[in-house]
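Read off the chains here:
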2 protein chains.
Amino acid sequence: MKSSGQSISPQVVKRLPRYYRYLEDMLAEGLVRTSSKELSAKSGLTASQIRQDLNCFGGFGQQGYGYNIAQLHNEIGKILALDKKNKTILIGAGNLGRAVAAHMDFAKKGFVLIGIFDKNEAASGQLVNGIPIRHISGLDDFCLENKPVIAVLCVPKERARELTENLIRLGIKGFWNFTHFDIGNQFPQIAVENVHLSDSLMTLCYKLDRLGDKK
Amino acid sequence: MKSSGQSISPQVVKRLPRYYRYLEDMLAEGLVRTSSKELSAKSGLTASQIRQDLNCFGGFGQQGYGYNIAQLHNEIGKILALDKKNKTILIGAGNLGRAVAAHMDFAKKGFVLIGIFDKNEAASGQLVNGIPIRHISGLDDFCLENKPVIAVLCVPKERARELTENLIRLGIKGFWNFTHFDIGNQFPQIAVENVHLSDSLMTLCYKLDRLGDKK
(Lines give C-alpha, C1' and ligand atoms only; values in the text may rest on other atoms or scores of the structure.)
Protein backbone atom coordinates (compact mmCIF):
# COMPACT_ATOMS: atom_id res chain seq x y z
CA MET A 1 0.00 0.00 0.00
CA LYS A 2 1.24 3.47 -0.90
CA SER A 3 2.12 5.31 2.29
CA SER A 4 0.79 8.85 2.54
CA GLY A 5 4.41 10.01 2.62
CA GLN A 6 5.02 8.99 -0.98
CA SER A 7 3.85 11.39 -3.62
CA ILE A 8 1.78 10.55 -6.69
CA SER A 9 1.94 12.18 -10.11
CA PRO A 10 -0.21 15.33 -10.38
CA GLN A 11 -2.11 13.76 -13.29
CA VAL A 12 -3.18 10.84 -11.11
CA VAL A 13 -3.97 13.11 -8.15
CA LYS A 14 -6.27 15.15 -10.39
CA ARG A 15 -8.35 12.03 -11.08
CA LEU A 16 -8.50 10.74 -7.50
CA PRO A 17 -11.41 12.95 -6.39
CA ARG A 18 -13.48 11.67 -9.31
CA TYR A 19 -12.76 8.05 -8.44
CA TYR A 20 -13.58 8.85 -4.83
CA ARG A 21 -16.89 10.41 -5.86
CA TYR A 22 -17.85 7.43 -8.03
CA LEU A 23 -16.96 5.01 -5.25
CA GLU A 24 -18.99 7.05 -2.73
CA ASP A 25 -22.01 6.78 -5.03
CA MET A 26 -21.52 3.02 -5.41
CA LEU A 27 -21.30 2.61 -1.63
CA ALA A 28 -24.53 4.60 -1.30
CA GLU A 29 -26.11 2.19 -3.78
CA GLY A 30 -25.01 -0.70 -1.55
CA LEU A 31 -22.56 -2.10 -4.12
CA VAL A 32 -19.58 -4.15 -2.92
CA ARG A 33 -17.25 -4.60 -5.89
CA THR A 34 -16.49 -2.69 -9.05
CA SER A 35 -14.19 -3.03 -12.04
CA SER A 36 -11.97 -0.76 -14.11
CA LYS A 37 -14.53 -1.34 -16.89
CA GLU A 38 -17.39 0.03 -14.73
CA LEU A 39 -15.29 2.98 -13.61
CA SER A 40 -14.39 3.57 -17.25
CA ALA A 41 -18.07 3.78 -18.24
CA LYS A 42 -18.69 6.37 -15.49
CA SER A 43 -15.59 8.44 -16.07
CA GLY A 44 -14.92 8.20 -19.79
CA LEU A 45 -11.33 7.25 -18.95
CA THR A 46 -10.02 4.01 -20.44
CA ALA A 47 -10.09 0.91 -18.25
CA SER A 48 -6.33 0.49 -18.64
CA GLN A 49 -5.77 4.11 -17.57
CA ILE A 50 -7.86 3.46 -14.47
CA ARG A 51 -6.01 0.22 -13.63
CA GLN A 52 -2.74 2.07 -14.04
CA ASP A 53 -3.92 4.91 -11.75
CA LEU A 54 -5.23 2.61 -9.03
CA ASN A 55 -2.31 0.20 -9.17
CA CYS A 56 0.05 2.93 -8.05
CA PHE A 57 -1.52 2.66 -4.56
CA GLY A 58 -0.81 -1.05 -4.49
CA GLY A 59 -2.92 -3.95 -5.62
CA PHE A 60 -6.48 -3.78 -4.45
CA GLY A 61 -7.50 -4.96 -7.90
CA GLN A 62 -7.65 -8.73 -8.21
CA GLN A 63 -7.66 -10.13 -11.73
CA GLY A 64 -11.24 -11.09 -12.52
CA TYR A 65 -12.55 -9.85 -9.17
CA GLY A 66 -12.11 -6.15 -9.66
CA TYR A 67 -11.95 -3.77 -6.70
CA ASN A 68 -13.49 -3.83 -3.25
CA ILE A 69 -15.39 -0.52 -3.28
CA ALA A 70 -15.25 0.18 0.46
CA GLN A 71 -11.53 -0.57 0.64
CA LEU A 72 -10.64 1.49 -2.44
CA HIS A 73 -12.84 4.37 -1.25
CA ASN A 74 -11.14 4.27 2.12
CA GLU A 75 -7.62 4.12 0.68
CA ILE A 76 -8.18 6.97 -1.77
CA GLY A 77 -9.71 8.98 1.08
CA LYS A 78 -6.50 8.40 3.08
CA ILE A 79 -4.29 9.43 0.17
CA LEU A 80 -6.34 12.62 -0.27
CA ALA A 81 -6.04 13.07 3.53
CA LEU A 82 -9.82 13.45 3.84
CA ASP A 83 -9.59 11.98 7.34
CA LYS A 84 -7.98 15.26 8.42
CA LYS A 85 -9.99 17.97 10.17
CA ASN A 86 -8.31 21.10 8.84
CA LYS A 87 -9.71 24.17 10.60
CA THR A 88 -11.23 26.40 7.94
CA ILE A 89 -12.58 29.93 7.76
CA LEU A 90 -14.66 31.48 4.98
CA ILE A 91 -14.39 35.15 4.08
CA GLY A 92 -17.11 36.94 2.16
CA ALA A 93 -20.65 35.87 3.07
CA GLY A 94 -22.40 37.08 -0.08
CA ASN A 95 -24.52 34.73 -2.18
CA LEU A 96 -21.57 32.66 -3.30
CA GLY A 97 -19.94 32.51 0.14
CA ARG A 98 -23.22 31.47 1.73
CA ALA A 99 -23.80 28.86 -0.97
CA VAL A 100 -20.34 27.41 -0.43
CA ALA A 101 -20.68 27.48 3.37
CA ALA A 102 -24.15 25.94 3.27
CA HIS A 103 -23.64 23.28 0.60
CA MET A 104 -20.10 22.00 0.83
CA ASP A 105 -19.81 18.96 3.02
CA PHE A 106 -16.54 20.19 4.50
CA ALA A 107 -16.50 17.51 7.18
CA LYS A 108 -16.39 14.73 4.58
CA LYS A 109 -13.67 16.47 2.59
CA GLY A 110 -11.04 16.94 5.29
CA PHE A 111 -12.12 20.32 6.62
CA VAL A 112 -14.10 21.76 9.48
CA LEU A 113 -15.59 25.22 8.99
CA ILE A 114 -15.06 27.15 12.22
CA GLY A 115 -15.72 30.75 11.19
CA ILE A 116 -17.41 32.94 8.56
CA PHE A 117 -16.46 36.60 8.12
CA ASP A 118 -17.90 39.52 6.19
CA LYS A 119 -17.28 43.27 6.11
CA ASN A 120 -21.01 44.00 6.10
CA GLU A 121 -22.02 44.99 9.65
CA ALA A 122 -25.65 44.09 8.92
CA ALA A 123 -24.75 40.45 8.23
CA SER A 124 -22.97 39.97 11.57
CA GLY A 125 -24.67 37.39 13.74
CA GLN A 126 -26.67 35.82 10.92
CA LEU A 127 -26.34 32.03 10.90
CA VAL A 128 -25.13 30.10 7.85
CA ASN A 129 -25.32 26.36 8.44
CA GLY A 130 -25.42 27.10 12.15
CA ILE A 131 -22.27 29.22 12.05
CA PRO A 132 -22.62 32.92 12.91
CA ILE A 133 -21.23 35.48 10.46
CA ARG A 134 -18.60 37.60 12.22
CA HIS A 135 -17.45 41.07 11.27
CA ILE A 136 -14.14 41.10 9.40
CA SER A 137 -12.63 43.38 12.04
CA GLY A 138 -12.44 40.36 14.35
CA LEU A 139 -10.52 38.22 11.85
CA ASP A 140 -7.00 38.65 13.26
CA ASP A 141 -7.97 37.90 16.86
CA PHE A 142 -10.05 34.92 15.76
CA CYS A 143 -7.13 33.45 13.80
CA LEU A 144 -4.62 34.03 16.59
CA GLU A 145 -6.97 32.30 19.02
CA ASN A 146 -8.35 29.47 16.87
CA LYS A 147 -5.47 28.90 14.43
CA PRO A 148 -7.35 28.03 11.23
CA VAL A 149 -5.11 26.68 8.45
CA ILE A 150 -7.45 27.05 5.46
CA ALA A 151 -9.27 30.12 4.15
CA VAL A 152 -12.10 30.05 1.61
CA LEU A 153 -12.06 33.37 -0.25
CA CYS A 154 -15.38 34.61 -1.65
CA VAL A 155 -14.51 38.31 -1.64
CA PRO A 156 -14.27 40.84 -4.49
CA LYS A 157 -11.02 40.70 -6.46
CA GLU A 158 -9.93 44.14 -5.22
CA ARG A 159 -9.67 42.89 -1.64
CA ALA A 160 -8.10 39.54 -2.42
CA ARG A 161 -4.38 40.34 -2.49
CA GLU A 162 -4.20 42.30 0.77
CA LEU A 163 -6.46 39.80 2.50
CA THR A 164 -4.38 36.87 1.26
CA GLU A 165 -1.13 38.40 2.49
CA ASN A 166 -2.69 39.13 5.88
CA LEU A 167 -4.10 35.60 6.18
CA ILE A 168 -0.70 34.08 5.38
CA ARG A 169 0.80 36.24 8.14
CA LEU A 170 -1.94 34.86 10.42
CA GLY A 171 -0.86 31.28 9.69
CA ILE A 172 -3.17 30.25 6.84
CA LYS A 173 -1.49 27.48 4.84
CA GLY A 174 -4.07 26.86 2.13
CA PHE A 175 -6.67 28.78 0.14
CA TRP A 176 -9.81 27.73 -1.66
CA ASN A 177 -9.96 30.79 -3.84
CA PHE A 178 -13.17 31.86 -5.61
CA THR A 179 -11.91 35.38 -6.37
CA HIS A 180 -10.47 36.41 -9.74
CA PHE A 181 -7.14 37.08 -8.10
CA ASP A 182 -4.71 34.24 -8.85
CA ILE A 183 -3.10 33.08 -5.63
CA GLY A 184 -0.17 30.75 -5.97
CA ASN A 185 2.29 32.36 -8.30
CA GLN A 186 3.49 34.75 -5.64
CA PHE A 187 3.05 32.30 -2.71
CA PRO A 188 4.64 28.99 -3.73
CA GLN A 189 4.79 27.72 -0.15
CA ILE A 190 0.98 27.82 0.15
CA ALA A 191 -1.56 25.22 -1.02
CA VAL A 192 -4.08 26.78 -3.41
CA GLU A 193 -7.09 25.70 -5.38
CA ASN A 194 -8.33 28.53 -7.59
CA VAL A 195 -11.95 28.22 -8.72
CA HIS A 196 -12.42 30.59 -11.65
CA LEU A 197 -16.08 30.22 -12.58
CA SER A 198 -15.89 32.88 -15.28
CA ASP A 199 -13.02 31.03 -16.98
CA SER A 200 -15.18 27.92 -17.02
CA LEU A 201 -18.08 29.88 -18.52
CA MET A 202 -15.85 31.34 -21.24
CA THR A 203 -14.53 27.87 -22.04
CA LEU A 204 -18.10 26.64 -22.41
CA CYS A 205 -18.80 29.51 -24.81
CA TYR A 206 -15.84 28.41 -26.94
CA LYS A 207 -16.87 24.74 -26.88
CA LEU A 208 -20.43 25.64 -27.88
CA ASP A 209 -19.16 27.78 -30.75
CA ARG A 210 -16.99 24.89 -31.97
CA LEU A 211 -19.90 22.41 -31.99
CA GLY A 212 -20.90 23.94 -35.30
CA ASP A 213 -17.58 22.87 -36.84
CA LYS A 214 -18.29 19.22 -35.98
CA LYS A 215 -21.46 19.15 -38.07
CA MET B 1 -5.49 36.53 -37.93
CA LYS B 2 -6.82 33.12 -36.96
CA SER B 3 -10.34 32.77 -38.32
CA SER B 4 -12.92 31.43 -35.89
CA GLY B 5 -13.27 28.42 -38.19
CA GLN B 6 -9.79 27.14 -37.38
CA SER B 7 -9.41 25.24 -34.15
CA ILE B 8 -6.75 25.80 -31.51
CA SER B 9 -5.14 23.16 -29.31
CA PRO B 10 -7.13 22.41 -26.14
CA GLN B 11 -4.11 23.34 -24.02
CA VAL B 12 -4.05 26.83 -25.51
CA VAL B 13 -7.83 27.19 -25.29
CA LYS B 14 -7.65 26.36 -21.58
CA ARG B 15 -5.36 29.35 -21.04
CA LEU B 16 -7.31 31.86 -23.18
CA PRO B 17 -9.87 32.79 -20.48
CA ARG B 18 -7.01 33.63 -18.10
CA TYR B 19 -5.33 35.86 -20.66
CA TYR B 20 -8.70 37.46 -21.36
CA ARG B 21 -9.22 38.10 -17.64
CA TYR B 22 -5.77 39.68 -17.22
CA LEU B 23 -6.29 41.87 -20.28
CA GLU B 24 -9.71 42.95 -19.00
CA ASP B 25 -8.08 44.04 -15.72
CA MET B 26 -5.39 45.97 -17.60
CA LEU B 27 -8.02 47.74 -19.71
CA ALA B 28 -9.85 48.67 -16.51
CA GLU B 29 -6.58 50.12 -15.23
CA GLY B 30 -6.35 52.22 -18.39
CA LEU B 31 -3.24 50.45 -19.69
CA VAL B 32 -2.59 50.37 -23.45
CA ARG B 33 0.22 47.90 -24.06
CA THR B 34 1.53 44.81 -22.31
CA SER B 35 4.29 42.25 -22.83
CA SER B 36 4.65 38.51 -22.55
CA LYS B 37 6.90 39.28 -19.56
CA GLU B 38 4.09 41.17 -17.77
CA LEU B 39 1.59 38.44 -18.58
CA SER B 40 4.11 35.91 -17.31
CA ALA B 41 4.36 37.68 -13.94
CA LYS B 42 0.57 37.62 -13.58
CA SER B 43 0.00 34.08 -14.76
CA GLY B 44 3.09 32.20 -13.66
CA LEU B 45 3.42 30.88 -17.23
CA THR B 46 6.74 31.45 -18.97
CA ALA B 47 6.99 34.43 -21.33
CA SER B 48 7.94 32.12 -24.20
CA GLN B 49 4.89 29.93 -23.52
CA ILE B 50 2.70 33.03 -23.65
CA ARG B 51 4.29 34.29 -26.89
CA GLN B 52 3.76 30.85 -28.39
CA ASP B 53 0.10 30.80 -27.29
CA LEU B 54 -0.67 34.29 -28.58
CA ASN B 55 1.25 33.89 -31.81
CA CYS B 56 -1.10 31.15 -32.94
CA PHE B 57 -3.77 33.84 -33.47
CA GLY B 58 -1.42 35.79 -35.70
CA GLY B 59 1.10 38.44 -34.81
CA PHE B 60 -0.34 41.15 -32.63
CA GLY B 61 2.95 41.05 -30.76
CA GLN B 62 5.53 43.43 -32.19
CA GLN B 63 9.13 42.83 -31.17
CA GLY B 64 9.99 45.39 -28.51
CA TYR B 65 6.47 46.87 -28.49
CA GLY B 66 4.59 43.99 -26.92
CA TYR B 67 0.83 43.64 -27.35
CA ASN B 68 -1.91 46.17 -27.81
CA ILE B 69 -4.17 45.24 -24.86
CA ALA B 70 -7.48 46.33 -26.39
CA GLN B 71 -6.75 44.52 -29.65
CA LEU B 72 -5.58 41.31 -28.00
CA HIS B 73 -8.54 41.39 -25.58
CA ASN B 74 -10.90 41.86 -28.51
CA GLU B 75 -9.34 39.07 -30.58
CA ILE B 76 -9.30 36.54 -27.75
CA GLY B 77 -12.91 37.48 -27.02
CA LYS B 78 -13.77 36.70 -30.65
CA ILE B 79 -11.95 33.36 -30.54
CA LEU B 80 -13.83 32.45 -27.35
CA ALA B 81 -17.00 33.64 -29.15
CA LEU B 82 -17.86 35.95 -26.24
CA ASP B 83 -19.60 38.26 -28.69
CA LYS B 84 -22.36 35.64 -28.99
CA LYS B 85 -25.62 35.97 -27.06
CA ASN B 86 -26.39 32.33 -26.33
CA LYS B 87 -29.82 32.04 -24.71
CA THR B 88 -29.34 30.43 -21.31
CA ILE B 89 -31.58 28.98 -18.62
CA LEU B 90 -30.62 28.09 -15.06
CA ILE B 91 -32.24 25.17 -13.24
CA GLY B 92 -32.19 24.94 -9.45
CA ALA B 93 -32.55 28.25 -7.62
CA GLY B 94 -31.06 27.22 -4.28
CA ASN B 95 -28.17 29.12 -2.73
CA LEU B 96 -25.71 28.05 -5.40
CA GLY B 97 -28.09 28.63 -8.31
CA ARG B 98 -28.97 32.08 -6.99
CA ALA B 99 -25.30 32.90 -6.47
CA VAL B 100 -24.47 31.87 -10.02
CA ALA B 101 -27.46 33.73 -11.47
CA ALA B 102 -26.75 36.86 -9.45
CA HIS B 103 -22.97 37.05 -9.80
CA MET B 104 -21.98 35.71 -13.17
CA ASP B 105 -21.71 38.41 -15.77
CA PHE B 106 -23.32 36.20 -18.42
CA ALA B 107 -23.68 39.08 -20.88
CA LYS B 108 -19.91 39.62 -20.98
CA LYS B 109 -19.21 35.91 -21.37
CA GLY B 110 -21.31 35.13 -24.43
CA PHE B 111 -24.58 34.27 -22.73
CA VAL B 112 -27.89 35.88 -21.90
CA LEU B 113 -29.83 34.41 -18.98
CA ILE B 114 -33.48 34.28 -20.03
CA GLY B 115 -35.03 31.95 -17.45
CA ILE B 116 -34.58 30.49 -13.97
CA PHE B 117 -36.46 27.36 -12.87
CA ASP B 118 -36.98 25.58 -9.57
CA LYS B 119 -39.24 22.79 -8.35
CA ASN B 120 -40.06 24.70 -5.16
CA GLU B 121 -43.51 26.29 -5.59
CA ALA B 122 -42.73 28.82 -2.88
CA ALA B 123 -39.81 30.26 -4.86
CA SER B 124 -41.90 30.89 -7.98
CA GLY B 125 -42.09 34.57 -8.83
CA GLN B 126 -39.13 35.58 -6.69
CA LEU B 127 -36.68 37.77 -8.63
CA VAL B 128 -32.99 36.89 -8.99
CA ASN B 129 -31.09 39.62 -10.78
CA GLY B 130 -34.41 40.86 -12.10
CA ILE B 131 -35.39 37.47 -13.53
CA PRO B 132 -38.42 35.73 -12.01
CA ILE B 133 -38.01 32.15 -10.80
CA ARG B 134 -40.45 29.91 -12.69
CA HIS B 135 -41.81 26.55 -11.60
CA ILE B 136 -40.06 23.61 -13.24
CA SER B 137 -43.39 22.37 -14.61
CA GLY B 138 -43.22 25.18 -17.16
CA LEU B 139 -39.77 24.20 -18.42
CA ASP B 140 -40.77 22.33 -21.58
CA ASP B 141 -43.18 25.00 -22.85
CA PHE B 142 -40.64 27.73 -22.08
CA CYS B 143 -37.91 25.94 -24.04
CA LEU B 144 -40.18 25.22 -27.01
CA GLU B 145 -41.18 28.88 -27.10
CA ASN B 146 -37.85 30.60 -26.31
CA LYS B 147 -35.36 28.05 -27.64
CA PRO B 148 -32.52 28.38 -25.10
CA VAL B 149 -29.31 26.58 -26.11
CA ILE B 150 -27.48 26.52 -22.76
CA ALA B 151 -28.59 25.16 -19.40
CA VAL B 152 -26.88 25.87 -16.09
CA LEU B 153 -27.56 22.92 -13.78
CA CYS B 154 -27.59 23.62 -10.04
CA VAL B 155 -29.86 20.72 -9.07
CA PRO B 156 -29.25 17.70 -6.82
CA LYS B 157 -27.34 14.86 -8.47
CA GLU B 158 -30.36 12.53 -8.36
CA ARG B 159 -32.29 14.76 -10.76
CA ALA B 160 -29.40 15.53 -13.08
CA ARG B 161 -29.50 12.63 -15.55
CA GLU B 162 -33.22 12.72 -16.33
CA LEU B 163 -33.19 16.50 -16.49
CA THR B 164 -30.18 16.49 -18.82
CA GLU B 165 -31.78 14.02 -21.20
CA ASN B 166 -34.98 16.03 -21.26
CA LEU B 167 -33.12 19.30 -21.88
CA ILE B 168 -31.22 17.75 -24.79
CA ARG B 169 -34.57 16.65 -26.26
CA LEU B 170 -35.69 20.26 -25.84
CA GLY B 171 -32.77 21.53 -27.92
CA ILE B 172 -30.14 22.38 -25.27
CA LYS B 173 -26.68 22.19 -26.87
CA GLY B 174 -24.47 23.03 -23.91
CA PHE B 175 -24.40 22.59 -20.14
CA TRP B 176 -22.68 24.45 -17.35
CA ASN B 177 -22.95 21.65 -14.87
CA PHE B 178 -22.60 22.20 -11.11
CA THR B 179 -24.12 18.83 -10.18
CA HIS B 180 -22.04 15.78 -9.26
CA PHE B 181 -23.41 13.96 -12.29
CA ASP B 182 -20.77 13.88 -15.05
CA ILE B 183 -22.36 15.04 -18.28
CA GLY B 184 -20.33 14.51 -21.40
CA ASN B 185 -19.29 10.89 -21.50
CA GLN B 186 -22.75 9.81 -22.59
CA PHE B 187 -23.50 12.91 -24.70
CA PRO B 188 -20.47 13.58 -26.91
CA GLN B 189 -22.40 15.87 -29.25
CA ILE B 190 -23.07 18.33 -26.42
CA ALA B 191 -20.76 21.08 -25.08
CA VAL B 192 -20.16 20.64 -21.35
CA GLU B 193 -18.26 22.36 -18.60
CA ASN B 194 -18.49 20.37 -15.38
CA VAL B 195 -17.77 22.37 -12.22
CA HIS B 196 -17.08 19.86 -9.46
CA LEU B 197 -16.49 22.00 -6.39
CA SER B 198 -16.08 19.01 -4.10
CA ASP B 199 -13.31 17.60 -6.34
CA SER B 200 -11.52 20.92 -6.04
CA LEU B 201 -11.90 20.85 -2.25
CA MET B 202 -10.52 17.30 -2.05
CA THR B 203 -7.58 18.31 -4.23
CA LEU B 204 -6.87 21.19 -1.85
CA CYS B 205 -6.93 18.75 1.06
CA TYR B 206 -4.31 16.62 -0.70
CA LYS B 207 -2.12 19.63 -1.55
CA LEU B 208 -2.27 20.88 2.03
CA ASP B 209 -1.31 17.45 3.34
CA ARG B 210 1.68 17.37 0.97
CA LEU B 211 2.97 20.78 2.10
CA GLY B 212 4.47 18.98 5.09
CA ASP B 213 6.64 16.86 2.79
CA LYS B 214 8.23 20.01 1.35
CA LYS B 215 9.55 21.16 4.73
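Not measured: the values here are computed from a predicted model.

Trainee: I'd like to hear about the confidence of the model for chain A, residue by residue, with values.
Mentor: All names here are of chain A. Scored by pLDDT, chain A has a mean of 88; 92% of the residues are at 70 or more. The low-confidence segment residues 1-5, where pLDDT is below 50, has 10 contacts with residues more than four positions distant or belonging to other chains. Scored as a complex, the prediction yields pTM 0.87 and ipTM 0.90.

Trainee: Before we move on, could you go through the sheet that holds strand β6 (residues 131-135) of chain B and cite the residues and values that matter?
Mentor: Residue and element names in this part refer to chain B. Ordered in space as β5-β6-β4-β3-β7-β8-β9, the 7 strands form an open sheet in which the pairing is mixed. Of all strands in the sheet, those with a lone pairing partner are β5 (127-128) and β9 (191-194), marking the two edges. In this sheet, β9 lies alongside strand β8 (residues 174-177) in parallel orientation, the contact comprising 4 bridges. Looking at the pairing, G174 lines up with A191 of β9. Contacting β3 (86-91), β7 (150-153) and β8, helix α7 (residues 157-169) runs over the sheet at an angle of about 170° to β7.

Trainee: Describe the packing of aromatic side chains, with residues and values.
Mentor: Residues and elements named next belong to chain A. Counted under the stated rule, the structure contains 6 aromatic pairs over all chains. With 6.4 Å between their ring centres and 90° between their planes, F106 and W176 make a pair best called edge-to-face. Taken together, the residues span a long stretch of sequence, with F106 in the loop between α5 (95-103) and β4 (111-118) and W176 in strand β8 (residues 174-177) at a distance of 70 residues. In this structure, F106 and W176 share a single accessibility class: buried. The rings of F106, W176 and F178 are connected pair by pair, giving a single aromatic cluster.

Trainee: So what's going on with helix α1 (residues 10-28) of chain B? Residues and values would help.
Mentor: Residues and elements named next belong to chain B. The end-to-end C-alpha separation of α1 is 28 Å, in line with the 27 Å expected for 19 residues at 1.5 Å each. For α1, the principal kink sits at L16 and spans about 30°; a proline, P17, occurs within the next four residues. Buried within α1 we find V12, V13, R15, L16, P17, Y19, Y20, R21, Y22, L23, D25 and M26. G30 lies just past α1 and shows a positive phi near 80°.

Trainee: An account of the pattern of salt bridges is requested, with residue identities and associated values reported.
Mentor: Residues and elements named next belong to chain A. Within the structure shown, the criterion is met by 18 salt bridges over all chains. With a closest N to O distance of 3.6 Å, E75 and K78 form a salt bridge. Here K78 and E75 lie together in helix α4 (residues 69-79), a separation of 3 residues that amounts to about one turn. For E75, a relative accessible area of 11% corresponds to the buried category.

Trainee: So what about the side chain of S40(B)? Which residues, and what values?
Mentor: Take S40(B): it is sitting in helix α2 (residues 36-43). Once you skip the residues sitting within four places of it in the chain, S40(B) turns out to touch L45(B), T46(B), A47(B) and I50(B).

Trainee: Mind laying out the relation of the copies chain B and chain A, listing which residues take part and the relevant values?
Mentor: Mapping chain B onto chain A is achieved by rotating through 180° and translating by 0.0 Å along the same axis, at an RMSD of 0.0 Å. Put plainly, the chains are arranged around a two-fold axis. In this assembly, 100% of the residues forming the interface of chain B have copies in chain A that are likewise at the interface, indicating an isologous arrangement.

Trainee: Let's hear about the interface of chain B and chain A: which residues, and what values?
Mentor: Each side of the interface is counted separately: chain B has 69 residues, and chain A has 69 residues. In total, about 5700 Å² of surface goes out of reach between chain B and chain A, with carbon and sulfur atoms giving 64% of it. Contact with chain A buries surface across chain B, with R21(B), L201(B) and M202(B) losing the most and accounting together for 12% of the total. Put simply, K84(A) and D209(B) hold a salt bridge, and the shortest N to O gap is 2.6 Å. Counting the contacts that link chain B with chain A gives 24 residue pairs in polar contact (both at pLDDT 80 or more). Counting residues per element, the ones that place at least two in the side of chain B that touches chain A are α1, α2, α5 (95-103), β8, β9 and α8 (197-214) of chain B. Examining the composition of the side of chain B that touches chain A, we find that 17 residues originate from one element, α8(B), more than from any other.

The rules behind the values
Residues numbered from 1 in each chain as written. Chains lettered and ligands numbered in written order. Predicted model: local features only at pLDDT ≥ 70, side-chain atom pairs only at ≥ 80, totals over all residues. Heavy atoms only, no water. pLDDT = per-residue confidence, 0-100. Contact = heavy atoms within 4.5 Å. Pairing = 2+ DSSP bridges. Helix = DSSP H or I, 4+ residues; strand = E, 2+ residues; numbered from the N terminus. Axes fitted to C-alpha atoms, helices over the stretch in contact; angles between N-to-C directions. Phe/Tyr/Trp six-rings, centres within 6.5 Å; stacked < 30°, edge-to-face > 60°. Buried < 20%, exposed > 50% of the residue type's maximum accessible area, 1.4 Å probe, protein only. Expected span 1.5 Å × (residues − 1). Bend = angle between axes of the 7 residues up to and from the residue. Salt bridge = Lys/Arg side-chain N within 4 Å of Asp/Glu carboxyl O. Least-squares fit on C-alpha atoms with pLDDT ≥ 70 in both. Buried area = accessible area lost by both parts, 1.4 Å probe. Polar contact = N/O pair within 3.5 Å; in protein donor to acceptor, adjacent residues only side chain to side chain.

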